[in-house]
Amino acid sequence: MPAYRAPRGTRDLLPAETPAWTRLERLGADLASRYGYRRIETPLFEQSEVFERGIGAVTDVVEKELFRIAPRTDEAESWALRPEPTAGIVRAYVQHGMQTWPQPVKLSQLGPMFRYDPPQAGRYRQFWQFDVEAIGDPGPAVDAEIIELGTRYYRDAGLEGVEVLLNSIGDPTCRPAYVAELTAYFDAHREALPELERTRLERNPLRLLDSKDPAMAALNAMAPRITDRLCEPCAEHFAAVRAHLQALAIPYRLEPGLVRGLDYYTRTAFEFYVAGREGQQQALGGGGRYDGLVELLGGRPTPAIGFGIGLDRLVLALAETGVTEPAESAPIAVVVGADPDATSHRLRIATDLRAAGLGARAELGRRKLGKQLEAAARDGAHFAVIVGDELADGDVGLRDLPAGTQKVIPIADLAREVGRAHAAHRHGPPGGGAGSA
Ligand code: HAM
């Protein structure tokens, strides 16, 4: 047993796993930029109040899952690691006067989040999110655009058939009456409520609707539905979001019990699931409209919408469906030599190849030339550059490992020759013939 391990609920992403992450990060950056979302980076921690006010004090994320940083005696403020990016991005929007920029301000972030969750499959204490936020647009068209962007992200990542669950949870005009009605409904069935739900009923009755407790299924099925009680503007907005989704040919399923776990949501709420797994599995991603959050964090009233896609769950889902990642890139050339002490020559040649833009590794150990060549082939290198006695004349040996051919070339021509031969090998000879890589 090693003395130290990664903290519970966290993982090391080892080199065999990181190509999947690199691919999903690049895909996120590429899609965000194609849709006009610009990158923003906010700190990994904020004043706790940003989350308490923003996400809501009576939410699991704040009550149970916030990673608070133990206060130092010389700091008056209290800090917490970010459990999600939206509150921090909105704090930055207000702080930097982004309401004076052309609206909407479309921002994107991809990075680690922290929640003190009980660790289990697909639920970690440090996890990654790809997040987009369109701040300053009341919708409904942008709501559909954002949902379409989410579905495209999954599809481009290689996960087919992700299902969109959609709901509208109203606004401060229509929701209070609905919450009162819902509270009365559950109160009338108090005896049937599991203990946890009974305490939740006092504090945040909407949360009962997305309870995972099987004892709640029948009660929730009969519960009053918010979508039947929306005020006129919310109902119109919701109908228009659906019409836009239809125009984009994005299938979705209405889910009146979808209320999301964060308090800032208004109107449009949605989640992404692996098709057919909604009941048993956690969401792959989710988001919605949060028209009150900018004001709550000190800005002018500003409508906004966004989503967060969990990369950890996406990587798991991709692995389950058998999507394989492209092989890690092999060095194009490995610089080898029989003289164990000639490391400075080998290092120099590899450095020059890298400076010319080629992937190269120098053999810096003291093993025999035969072993060095074996290792180069095992690495999947295209060439071995063999440094030997010819170096005195300014030459090296160049072995094409897959072809098994070898020639002597001037060191001055090495980078050009390796680059040209490698490109021809990958793309095939000019004028026809497929390459083999
Ligand atoms: P969320 O639903 O709390 O929303 O999280 C979004 C996604 O992050 C989840 O669907 C899930 O894939 C992933 N996730 C959450 N917690 C964990 C965990 N403990 N382990 C692994 N993955 C997890 C938000 O965070 C909102 N900020 C989304 C949003 C953006 N709404 C508007 N704009």
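The rules behind each value
Residues numbered from 1 in each chain as written. Predicted model: local features only at pLDDT ≥ 70, side-chain atom pairs only at ≥ 80, totals over all residues. Heavy atoms only, no water. Salt bridge = Lys/Arg side-chain N within 4 Å of Asp/Glu carboxyl O. Pairing = 2+ DSSP bridges. Helix = DSSP H or I, 4+ residues; strand = E, 2+ residues; numbered from the N terminus. Axes fitted to C-alpha atoms, helices over the stretch in contact; angles between N-to-C directions. Contact = heavy atoms within 4.5 Å. Buried < 20%, exposed > 50% of the residue type's maximum accessible area, 1.4 Å probe, protein only. Arc of directions from axis to C-beta. Domains from an automatic or database assignment. Disulfide = S-S within 2.5 Å. Near = heavy atom within 4 Å. Polar contact = N/O pair within 3.5 Å; in protein donor to acceptor, adjacent residues only side chain to side chain. Areas by Shrake-Rupley, 256 points an atom, 1.4 Å probe, with all protein chains shown as cover. Nonpolar A, V, L, I, M, F, W, Y, C, P; charged D, E, K, R; others polar. Parallel < 35°, antiparallel > 145°, perpendicular 65-115°, else oblique. Left-handed = near helix turned anticlockwise from the far one by under 90°.

So, the pattern of salt bridges
Item 1. The tally for this structure, following the rule as stated, stands at 29 salt bridges.
Item 2. Two residues, Arg361 and Glu363, come together in a salt bridge whose shortest N-O distance is 3.5 Å.
Item 3. In the salt-bridge network here, residues are joined through shared partners; they are Asp60, Lys64, Glu197 and Arg200.

Here we look at the sheet that holds strand β13 (residues 360-362)
Item 1. With mixed pairing, the five strands of this open sheet are ordered in space as β13-β12-β14-β15-β16. A strand with exactly one partner marks an edge of an open sheet, and here the two such strands are β13 and β16 (405-410). Each strand of the sheet is rotated relative to its neighbour by a mean of 25°, with strand direction disregarded.
Item 2. On top of the sheet, helix α12 (residues 343-355) reaches β12 (333-337), β13, β14 (383-387) and β15 (395-400); it is set at about 170° to β13, its chief contact.
Item 3. Strands β12, β13, β14 and β15 of the sheet are contacted by helix α13 (residues 369-378), whose axis makes an angle of about 175° with β12.

Focus on the sheet that holds strand β2 (residues 45-47)
Item 1. Reading across from one edge, β2-β4-β3 is the order of the three strands in this open sheet, with antiparallel pairing throughout. Every other strand in the sheet has two partners, leaving β2 and β3 (68-69) as the edge strands with one partner each.
Item 2. Helix-sheet contacts for helix α2 (residues 48-55) involve β2, β3 and β4 (79-81), and the interaxial angle to β2 is about 80°.

Considering α2
Item 1. Taken as a whole, α2 has its buried residues at Ser48, Val50, Phe51, Gly54 and Ile55. For α2, the angular spread of the buried residues around the axis is 165°, confining them to a single face.
Item 2. Contacts made by the buried residues of α2 are with β2, α3 (60-63), β3, β4, α4 (86-95) and α10 (293-296).
Item 3. Just past α2, the residue Gly56 takes up positive phi, approximately 110°.

Some remarks on the domain arrangement of the chain
Item 1. By the assigned domains, the chain splits into domain 1 (18-174 + 230-320) and domain 2 (333-423).
Item 2. Domain 1 and domain 2 are separated by 50 Å when their C-alpha centres are compared.

A few points about the pairing of β14
Item 1. Burial analysis of β14 places five of its five residues in the buried class, which makes it a mostly covered element.
Item 2. Covered by surrounding structure in β14 are Phe383, Val385 and Val387 together with Ala384 and Ile386, the residues of both alternating faces.
Item 3. Of the strand pairs in this sheet, β12 and β14 are connected by five bridges, and their pairing is parallel. Its bridge partner lying in β14, Val335 is registered against Val385.
Item 4. In this structure, β14 lies alongside β15, joined through four bridges in antiparallel fashion. Following the sheet pairing, Val385 is matched in β15 by Leu398.

Some details on the state of the cysteines
One covalent bond between the sulfur atoms of two cysteine residues makes up a disulfide.
Item 1. Within this structure, the stated rule accounts for zero disulfides.
Item 2. Free cysteine Cys174: the closest other cysteine sulfur is in Cys231, separated by 3.6 Å.
Item 3. Between Cys234, a cysteine without a disulfide, and Cys231, which holds the nearest cysteine sulfur, the sulfur-to-sulfur distance is 3.6 Å.

Structural notes on the site of the ligand
Item 1. What surrounds the ligand is a group of 27 residues, the closest being Glu84, Thr86, Asp117, Glu133 and Tyr265.
Item 2. Within the side chain of Thr86, a nitrogen or oxygen atom sits 2.8 Å from a nitrogen atom of the ligand.
Item 3. Arg115 places a polar side-chain atom, nitrogen or oxygen, 2.9 Å from an oxygen atom of the ligand.
Item 4. In the complex, the protein chains occlude 96% of the 660 Å² of accessible area that the ligand would expose alone.
Item 5. Of the residues belonging to the shell around the ligand, the class tally is nine nonpolar, 10 polar and eight charged.

Structural notes on unusual backbone geometry
Item 1. Cis geometry marks the peptide bond from Gln103 to Pro104, where omega comes out at -5°.
Item 2. Locating Pro104 in the fold gives a position in the loop between α4 and β5 (105-114).
Item 3. That bond from Gly139 to Pro140 is cis: its omega, 5°, falls within 30 degrees of zero.
Item 4. With respect to the helices, strands and loops of the structure, Pro140 is situated in the loop between β6 (126-135) and α5 (141-157).

Description of the packing of α5 against helix α11 (residues 311-320)
Item 1. Contact geometry of α5 with α11 gives a least axis separation of 11 Å together with a crossing angle of 40°. With respect to each other, α5 and α11 are oriented oblique. Along this stretch, α5 crosses α11, giving a crossing that reads as right-handed. Facing Tyr153, Tyr154 and Ala157 of α5, the residues of α11 in contact are Leu311, Leu314 and Leu318.
Item 2. Of the residues belonging to the contact of α5 with α11, the class tally is six nonpolar, no polar and no charged.

Topic: the pairing of strand β10 (residues 285-289)
Item 1. Taking burial as the measure, the five residues of β10 include five buried ones, the bulk of the element.
Item 2. Judged from the five bridges that link them, strand β9 (residues 266-274) and β10 form a sheet pairing that is antiparallel. Bridge pairing in β10 places Phe272 opposite Gly285.

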